[in-house]
Amino acid sequence: MDNKNAYALREDEKAGSVYLQEDVVASIAALAATRDIEGVLGIYDGGQDGKGKGISGLGKSSKGVSVDVHHGIVDVELNISILYGYNIPAICQKVQAKVKNMIENMTGMKVGNVNLRIAGLNMGKGRS
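Quick caveat: nothing in here was measured; it's all calculated off a predicted structure.

**Concerning the environment of Ala 8**
Here comes step 1: Relative to the elements of secondary structure, Ala 8 occurs in strand E1 (residues 6–12).
Here comes step 2: The partly exposed category is assigned to Ala 8, whose relative accessible area is 41%.
Here comes step 3: Ignoring sequence-local partners within four residues, the contact set of Ala 8 consists of Val 18 and Tyr 19.

Here it is, written out as structure tokens:
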């Protein structure tokens, strides 16, 4: 089994090992950041034209999300796109808390930092 870019969740001589691919942790972070948080448009992937686009984080794409694990502690960086008219610090607080909770609950790994970069702002779909 190729364990490149994978983190050991459990290694047991008798029962076997469980490894978690980096992309899975990135997908969990992307889903947490983009689901049910008002004002978040999506993960900003930068796009080839430099303008970027929001993506949901579903599927295999983890552009706009990076995950780094050192000594069992996960650090996450997300580039998010938000909607105009929302309180940026409040949105960021919600995203950070939700990403941390979801990764810890789903993987059992401890989350150290959840760093956000507001990399996109959608001017056309702000709240009224």
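**A few points about the pairing of strand E7 (residues 110–122)**
Along a regular strand, successive side chains alternate from one face of the sheet to the other.
Here comes step 1: Sheet analysis places strand E6 (residues 73–83) next to E7, joined by 10 bridges and oriented parallel. Of the residues in E7, the one forming a bridge with Ile 73 is Lys 110.
Here comes step 2: Taken together, E6, helix H2 (residues 88–107) and E7 form a β-α-β motif whose crossover is right-handed.

**Re a nonpolar patch on the surface**
Here comes step 1: Taken together, Tyr 84, Leu 121 and Met 123 make up a surface patch of nonpolar side chains, about 340 Å² in accessible area.
Here comes step 2: With respect to the helices, strands and loops of the structure, Met 123 is situated in the segment after E7.

**Some points on the pairing of E1**
Here comes step 1: Here E1 runs beside strand E2 (residues 16–21); their pairing, made up of six bridges, is antiparallel. Each residue of the ladder has a partner; that of Arg 10, found in E2, is Val 18.
Here comes step 2: Connecting the antiparallel pair E1 and E2 is a turn made up of three residues.

**Details of the pattern of salt bridges**
Should the charged atoms of two oppositely charged side chains come close, the side chains can pair.
Here comes step 1: As enumerated under the stated definition, the model contains one salt bridge in all.
Here comes step 2: Two residues, Glu 104 and Lys 100, come together in a salt bridge whose shortest N-O distance is 3.1 Å. You can see Glu 104 and its partner Lys 100 sitting in helix H2, four residues apart, about one turn around the helix.
Here comes step 3: Judged by relative accessible area, Lys 100 falls into the partly exposed class, the value being 30%.

**Re the nonpolar core**
Here comes step 1: Core analysis: the biggest nonpolar cluster contains 29 residues, and Val 65, Val 74, Val 76, Leu 78, Val 95, Val 99 and Ile 103 have the highest contact counts within it.
Here comes step 2: Elements with a minimum of two residues in this core: helix H1 (22–34), strand E3 (40–44), strand E5 (65–70), E6, H2 and E7.
Here comes step 3: Here the element with the most residues in this core is H1; it accounts for seven residues.

Parameters and conventions
Residues numbered from 1 in each chain as written. Predicted model: local features only at pLDDT ≥ 70, side-chain atom pairs only at ≥ 80, totals over all residues. Heavy atoms only, no water. Helix = DSSP H or I, 4+ residues; strand = E, 2+ residues; numbered from the N terminus. Buried < 20%, exposed > 50% of the residue type's maximum accessible area, 1.4 Å probe, protein only. Contact = heavy atoms within 4.5 Å. Pairing = 2+ DSSP bridges. Right-handed = clockwise from strand over helix to strand, strands pointing away. Patch = residues over 30% accessible without salt bridge, like charges linked within 9 Å, V, L, I, M, F, W, Y side chains within 5 Å. Areas by Shrake-Rupley, 256 points an atom, 1.4 Å probe, with all protein chains shown as cover. Salt bridge = Lys/Arg side-chain N within 4 Å of Asp/Glu carboxyl O. Core = buried A, V, L, I, M, F, W, Y, C linked by side-chain atoms within 4.5 Å.

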